[in-house]
Amino acid sequence: MERQLIAAFLAAIILSLQVAAYTDKTFTADNTFLQKQKNLFELFWHADQPTIYHPELYQISKSWNIIDHVDDYTNKEVVHEFLRLWKLGMTPRGEVFSPWYPDIQKEIVALYDLFFFAKDYDTFYNTAVWARFNVNEHMFNYMLALAIIHRPDTKHIRLPNLYEIIPHYFFNEDVIERAQRIKMGDVTAAKKAVTGNEPYILQANYSGWYLAHDHDTEWKLNYFTEDVGMNTYYFYQNAMFPYWLSSEKYNLLKGVRGQMYYFSHKHLLARYYLERLSNDLGELEWLDWDKPIVTGYYPTLVHPTGLPFPQRPTWSYVPVHKYEQVERIHHLESRIMMSIDNGRIEKHDNKPYELYENTLEDMNHLGNIIQGNRDSLCRRYYDSVDKYARNILGFGHERSTKYQPIVGSLDMSLTSMRDPGFYRMYKKILNFFIRYKSNLPTYTHEELVFPGVKIESVAVDKLVTYFDNFESMINNAVAVKSHKEAQSIVIKARQQRLNHKPFTYHLTVNSDKATKAWIHIYLGPKYDVHGHEIEMIDNWMNFFEMDYWVADLKSGMNKIERSSHESIFVVPDTSSSIDFYKMITKALEGGESYKYSGQMYGIPDRMMLPKGKPEGMPLKLFVYVSPYVEEQTMTVEFPVFGTKHFEKKPIGFPLDRSMYHYHKTVPNMYWKDVTIFHKNVEELNVTV
């Protein structure tokens, strides 16, 4: 009976997330949208067996000749360039693929261009079907996903769950191996209900579960670093602005690209630090390319081809074949740091960009030159620190041929967050931005105060986290004999994942007039791992933004409540691809209508809080209310995160640079001590 009550409680939480989480505009799909959604959804499944899964698509691919339809593309040159490369020989099917390898940059751009510059949806779809049978299957999946995200006529089309399309990159090889055995008829390693319609369930551990950890404590954070939702989020964060795409050529959001690169990684690093504190781990050690890499990584992942991911043993020196990259990254890091301190970024036209005159543009240009994307002011001079850092830390061996790269965890956005080196690498990269910020003056009282507005009190519901079970379909990890067989067998991997009880902020704000205001909420550490309270002047970079919205204040006291679901940064867990496909099919057949949000993806709602501790972990909540000025507001429509409204101020304001505790002199600021309790699910207070 107790288990039933717990299950009912968890179901109620999940239902509340699904109902309340989306704050973006919602739409009702018409038949045209539904048909697009269904057709494109089908293209991703078993792309390595295209003639087996939906074999009728093979006839479409046979009848579509790209050269006969060259006029159906808005840019004919990209068609000829693709065909030229294809005839010369592109990455073969069945090989490992990574967009980070420079040797195949021309190939991935050519395939993306073919998708992106298709004149209409029908041309795009026919091209995609052709590519499914004729290009490398992993390149196909990646480029198709990006094209769907960025093409106007596929806006809001949902992709299948990435951990269901490519389970190899989310689950350990022992899980994949057991799935293969189940497919071959050996079902002893899985649980299955008596009825034949129920899925096979595999218990899935996180990496390194079988290793001794006397000298390695990173395993304690695997629930965060290997969370399928967080790794999916990181993929979409990168998919908005792939480093090899030019903003001008593809109409990307040019003015925010570099800022988003900074903000997304600062946010992840701050969250990671709170998880470290939750597990009694301290500050990250500094990464020195010339000294042993303290933290090793044993991925226990295997590519769909069967090749294992490279390992990086603990306390390893950079291997000899990476020395050239080490020398190069030293030069690049020096150039960036000198540019920050000199206040001048080199440009292609040899007319330097002057820093410290416009902080918004400064951060954007800094992000672009550090990542080394196509919007960099001078890629020849700054190259890409990001690219070289990934290559060095990946410890991949030298490949024997152009089309056989040794792809490691840092070579793909899907697997990057799993590697502890990822966080050390970005601590080093974020230090460039922190250096720039340290050269700026702290905000003055006048810049921070909101005359006539005072936060009287802040209260938050009890913050409780717990682990619950999450099941992911991994059918795509096994070969099938037919489309019918693919539909009849369901294999799922079950993992423990972090979650939290819903909570609400309760704010009391006093205003001397009716006005609009921005409300910012941040969460950060109060104490370091040694129990010493951290001064705010050294702590600002460890806070992450939990929510950000506009409130209408009336004259007098204002009672404001905001649910954790309503945060602009989070989304609920998506339904399984099987359930989603059934829903789309039913809607096409005239069943219940399908409604979707303008915000397709984001940080998983359940990952909003760090784990905390059973006895409670004290943290600091920071609430800041600032004036809403129409002329200083911008609206940005992100391809995957929906339409967001921002102040025209540095992202993360006012915790975007060093600051002191102003709560005694700035009444529109409020610091609140909060405590996060981690409980076993059986300990939760269950009521029905």
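Cut-offs and rules
Residues numbered from 1 in each chain as written. Predicted model: local features only at pLDDT ≥ 70, side-chain atom pairs only at ≥ 80, totals over all residues. Heavy atoms only, no water. Helix = DSSP H or I, 4+ residues; strand = E, 2+ residues; numbered from the N terminus. Buried < 20%, exposed > 50% of the residue type's maximum accessible area, 1.4 Å probe, protein only. Contact = heavy atoms within 4.5 Å. Areas by Shrake-Rupley, 256 points an atom, 1.4 Å probe, with all protein chains shown as cover. Lys, Arg positive; Asp, Glu negative; His and termini not counted. Charge placed at Lys NZ, Arg CZ, Asp CG, Glu CD. Polar contact = N/O pair within 3.5 Å; in protein donor to acceptor, adjacent residues only side chain to side chain. Core = buried A, V, L, I, M, F, W, Y, C linked by side-chain atoms within 4.5 Å. Pairing = 2+ DSSP bridges. Axes fitted to C-alpha atoms, helices over the stretch in contact; angles between N-to-C directions. Expected span 1.5 Å × (residues − 1). Parallel < 35°, antiparallel > 145°, perpendicular 65-115°, else oblique. Left-handed = near helix turned anticlockwise from the far one by under 90°. Nonpolar A, V, L, I, M, F, W, Y, C, P; charged D, E, K, R; others polar. pLDDT = per-residue confidence, 0-100. 1 Å grid on protein atoms, 1.4 Å probe; cavity = no way out; pocket = protein on both sides within 12 Å on 5 of 7 lines; lining within 4 Å. Points joined across faces, edges and corners; volume = space filled by probe spheres on them.

## Considerations on the overall build of the chain
Helix and strand content of the chain: 21 helices and 18 strands. Across its three principal axes, the chain shows a C-alpha extent of roughly 75 × 70 × 55 Å. Across the 688 residues that make up the chain, the buried fraction comes to 59%. Across the chain, the fraction of contacts at a sequence separation of at least 24, relative to all contacts at a separation of at least 6, is 80%. About 28700 Å² of surface is accessible on the chain, with carbon and sulfur atoms providing 52% of the total. The distance from the centre of the 76 positive side-chain charges to the centre of the 84 negative ones in the chain is 1 Å.

## Let's talk about the side chain of Arg 151
For Arg 151, the position within the fold is in the loop between helix H7 (137-150) and helix H8 (162-165). At 3.0 Å, the side chain of Arg 151 forms a polar contact with the backbone oxygen of Ala 118. In this structure the side chain of Arg 151 is engaged in a polar contact, spanning 3.4 Å, whose partner is the backbone oxygen of Asp 120. Leave out the neighbours within four places in its chain, and Arg 151 touches Phe 115, Phe 116, Phe 117, Ala 118, Asp 120, Tyr 121 and Phe 124.

## Details of the side chain of Asn 238
One can find Asn 238 in helix H11 (residues 228-240). For Asn 238, the side chain forms a polar contact with the main-chain oxygen of Tyr 234, separated by 2.8 Å.

## Focus: the nonpolar core
One finds Phe 82, Phe 115, Met 143, Trp 244, Leu 523 and Met 546 to be the most contacted residues of the largest nonpolar core, which totals 220 residues. Excluding residues within four positions of it along the chain, Leu 523 makes contact with Leu 274, Asn 542, Phe 543, Phe 544, Met 546, Leu 609, Pro 610, Leu 619, Lys 620, Leu 621, Val 674 and Ile 676.

## Digging into the environment of Pro 299
By the secondary structure assignment, Pro 299 is in the loop between helix H13 (257-278) and helix H14 (323-342). Along the sequence, Pro 299 and Phe 309 sit 10 residues apart, while their C-alpha atoms lie 6.4 Å from each other. Those residues within four positions of Pro 299 in sequence are excluded, and the remaining contacts are Asn 172, Ser 207, Phe 309, Pro 310, Gln 311 and Arg 418.

## Some words on the sheet that holds strand E9 (residues 515-525)
With mixed pairing, 7 strands are arranged side by side in an open sheet as E2-E7-E6-E18-E15-E9-E10. Edge positions in the sheet fall to strand E2 (200-203) and strand E10 (544-553), since each of these pairs with one other strand and no more. Adjacent strand axes in the sheet meet at a mean angle of 35°, parallel and antiparallel pairs treated alike. Strands in contact with H13 are strand E7 (491-500), E9, E10 and strand E15 (617-627); relative to E10, the strand with the most contacts, it is inclined by about 115°.

## With respect to H11
The end-to-end C-alpha distance of H11 is 19 Å, a good match for the 18 Å that 13 residues give at a rise of 1.5 Å each. Here H11 lies mainly inside the structure; 13 of its 13 residues are buried.

## Topic: the packing of H11 against H13
In contact at an axis separation of 11 Å, H11 and H13 are set at 170° when each is read in the N-to-C sense. Our classification of the angle between H11 and H13 gives roughly antiparallel. Pair H11 / H13 crosses with left-handed handedness. When H11 is examined against H13, the residues Met 230, Tyr 233, Tyr 234, Gln 237 and Met 240 are found in contact with a partner set consisting of Met 260, Ser 264, His 265 and Leu 268. Across the contact of H11 with H13, the residue classes tally to 6 nonpolar, 3 polar and no charged.

## Considerations on the pairing of strand E16 (residues 633-638)
The sheet contact formed by E16 and strand E17 (residues 642-647) spans 6 bridges and is antiparallel. By the bridge assignment for E17, Val 636 is matched with Lys 644. A loop of 3 residues connects E16 with E17, the two strands running antiparallel in sequence.

## Notes on helix H17 (residues 385-394)
Counting buried positions along H17 gives 8 out of 10 residues, so the element sits mostly inside the fold. Among all positions of H17, only Val 385, Asp 386, Tyr 388, Ala 389, Arg 390, Ile 392, Leu 393 and Gly 394 are buried. Lining the buried residues of H17 we find H11, H13, H14, helix H15 (359-371), helix H16 (379-382) and helix H18 (420-438). Downstream of H17 by one or two residues, Phe 395 has phi in the positive range, about 55°.

## Let's talk about the environment of Phe 97
Tracing the sequence through the fold places Phe 97 in the loop between helix H4 (76-88) and helix H5 (105-116). When its relative accessible area of 4% is taken as the criterion, Phe 97 is described as buried. Here the alpha-carbon distance between Phe 97 and Asn 668, two residues 571 residues apart in the chain, equals 51 Å. Phe 97 has contacts with Ile 104, Ile 108, Asn 136, His 138, Met 139, Tyr 142, Met 143, Val 407 and Met 412, leaving out every residue within four places of it along the chain.

## Remarks on the confidence of the model for the chain
Summing up the model confidence of the chain, the mean pLDDT is 90 and the portion of residues at 70 or higher is 93%. In the model of the chain, helix H1 (residues 2-20) stands out as the element of lowest mean pLDDT, 36, in contrast to strand E8 (residues 504-511), which has the highest, 98. Considering only residues more than four positions removed or in separate chains, one finds that residues 1-22, a stretch of pLDDT under 50, has 36 contacts.

## Considerations on empty space enclosed by the protein
For the structure shown, the criterion picks out 12 cavities of 30 Å³ or more. The computed volume of the largest cavity comes to approximately 340 Å³. Considered class by class, the residues forming the lining of the largest cavity number 18 nonpolar, 5 polar and no charged.

## Notes on unusual backbone geometry
Following Phe 653, the chain continues to Pro 654 via a peptide bond in cis, the omega torsion being 0°. Within the fold, Pro 654 resides in the loop between E17 and strand E18 (669-678). For His 46, which is not glycine, the phi torsion reads 50° and is therefore positive. Looking at the element boundaries, His 46 is found in the loop between helix H2 (31-43) and helix H3 (57-63). Look at His 46 and you get buried, because its relative accessible area is 4%. The phi dihedral of Asp 383 is positive, around 50°, even though this residue is not glycine.

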